[in-house]
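Secondary and tertiary structure notes
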Amino acid sequence: MNERPMVRIQSVRKRFGPLEVLKGVSLDVPAGEVVCVVGPSGSGKSTLLRCVNRLETIDSGRVWVNGELMGYEERGGRLHALRPAELCRQRRGIGMVFQRFHLFPHRTALENVMEGPVTVLRTPAARARREAGELLDRVGLADRAHHYPAQLSGGQQQRVAIARSLAMRPHLMLFDEPTSALDPELVQEVLAVMRDLAASGMTMMVVTHEMAFAREVGDQLVFMDHGVVLERGHPREVLTAPRHERLRAFLGQVG
Ligand code: ADP
Ligand code: MG
């Protein structure tokens, strides 16, 4: 079973009204690997991530995560939509970190991290508290556990958001431009946490404009343009010798 990818995206199509945003995207993410997704604004990167954890339905194609077809089960050779509780169970295994941090403003960092385990996983509070403390330590925020989001910098808030996702013990982490809303001097502390997470063996899909991160940490680089994967490969190869003019132009812009 080792060869089974953590994520298999097969011929996924998605349209919003007249606009076809994903035009048959296929992509595998092997377990333990980091796939960085880059591309111009509007090329479908966020939609692709949201199709993986089924925040969006898809019009055709299939998505498997950890060997399970997302949103459906096969019975008697036919696909049946999963019941909401089953879909929630599938989603719980997938952490997502957005550009904006979406922390609970009236809860401390520690309480934010504990929330999911206590309410969703029914972890006893004492244990959830201890594990939340360990996760905050892991993202370098042990000394900020009792601060409220408003008392934290954007970079610190994003690290709390990462710890909060990890508290649900996901087998896959999705990052949608996690550093795009941050002041430049705060970007590296978040990337450092993501780098550690990658080194720990987490499977990650990362939409980012941070090319140095993609080059260093990515096992695969995927360039999306107008709803298709135009180019993919090892980041060093793709970045050093891009084959498509549109990728060359994009790289020229992001620097
Ligand atoms: P990216 O993340 O690469 O910038 P998105 O996946 O967010 O691209 O969006 C791709 C296209 O789909 C854009 O043209 C966007 O306006 C459109 N789009 C995204 N979400 C919706 C939605 N819920 N309804 C209508 N159009 C949408
Ligand atoms: Mg986006």
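The rules we used
Residues numbered from 1 in each chain as written. Chains lettered and ligands numbered in written order. Predicted model: local features only at pLDDT ≥ 70, side-chain atom pairs only at ≥ 80, totals over all residues. Heavy atoms only, no water. Salt bridge = Lys/Arg side-chain N within 4 Å of Asp/Glu carboxyl O. Helix = DSSP H or I, 4+ residues; strand = E, 2+ residues; numbered from the N terminus. Buried < 20%, exposed > 50% of the residue type's maximum accessible area, 1.4 Å probe, protein only. Pairing = 2+ DSSP bridges. Axes fitted to C-alpha atoms, helices over the stretch in contact; angles between N-to-C directions. Core = buried A, V, L, I, M, F, W, Y, C linked by side-chain atoms within 4.5 Å.

In the nomenclature of an unreviewed UniProt entry, the protein chain corresponds to ATP-binding protein from the organism Microbispora corallina.

Quick word on the pattern of salt bridges
This model, assessed by the stated rule, comprises 16 salt bridges. For R107, the salt bridge identified is with E115, shortest N-O distance 2.5 Å. The salt bridge partner of E131 is R169, with a shortest N-O separation of 3.2 Å. Here R169 lies in the loop between α5 (154-166) and β9 (172-176) and E131 lies in helix α4 (residues 125-138), a separation of 38 residues in the sequence. Classification of E131 by relative accessible area gives buried; the value is 18%. One connected set of salt bridges, linked through shared partners, spans K14, R50 and E56.

Digging into the sheet that holds strand β12 (residues 228-233)
Ordered in space as β8-β9-β10-β3-β11-β12, the 6 strands form an open sheet in which the pairing is mixed. Each end of this open sheet is capped by a strand with a single partner; those strands are β8 (94-97) and β12. The average undirected angle you get between the axes of adjacent strands in this sheet is 20°. Relative to strand β10 (residues 203-207), β9 runs parallel, the two sharing 5 bridges.

Considerations on the nonpolar core
Core analysis: the largest hydrophobic core is formed by 49 residues, its most contacted members being L136, F175, M194 and M204. Top element by residues in this core is helix α6 (residues 184-199). It accounts for 8 residues. If you look at the next biggest cluster of nonpolar residues, it comprises 27 residues, including V21, L27, L172 and V207.

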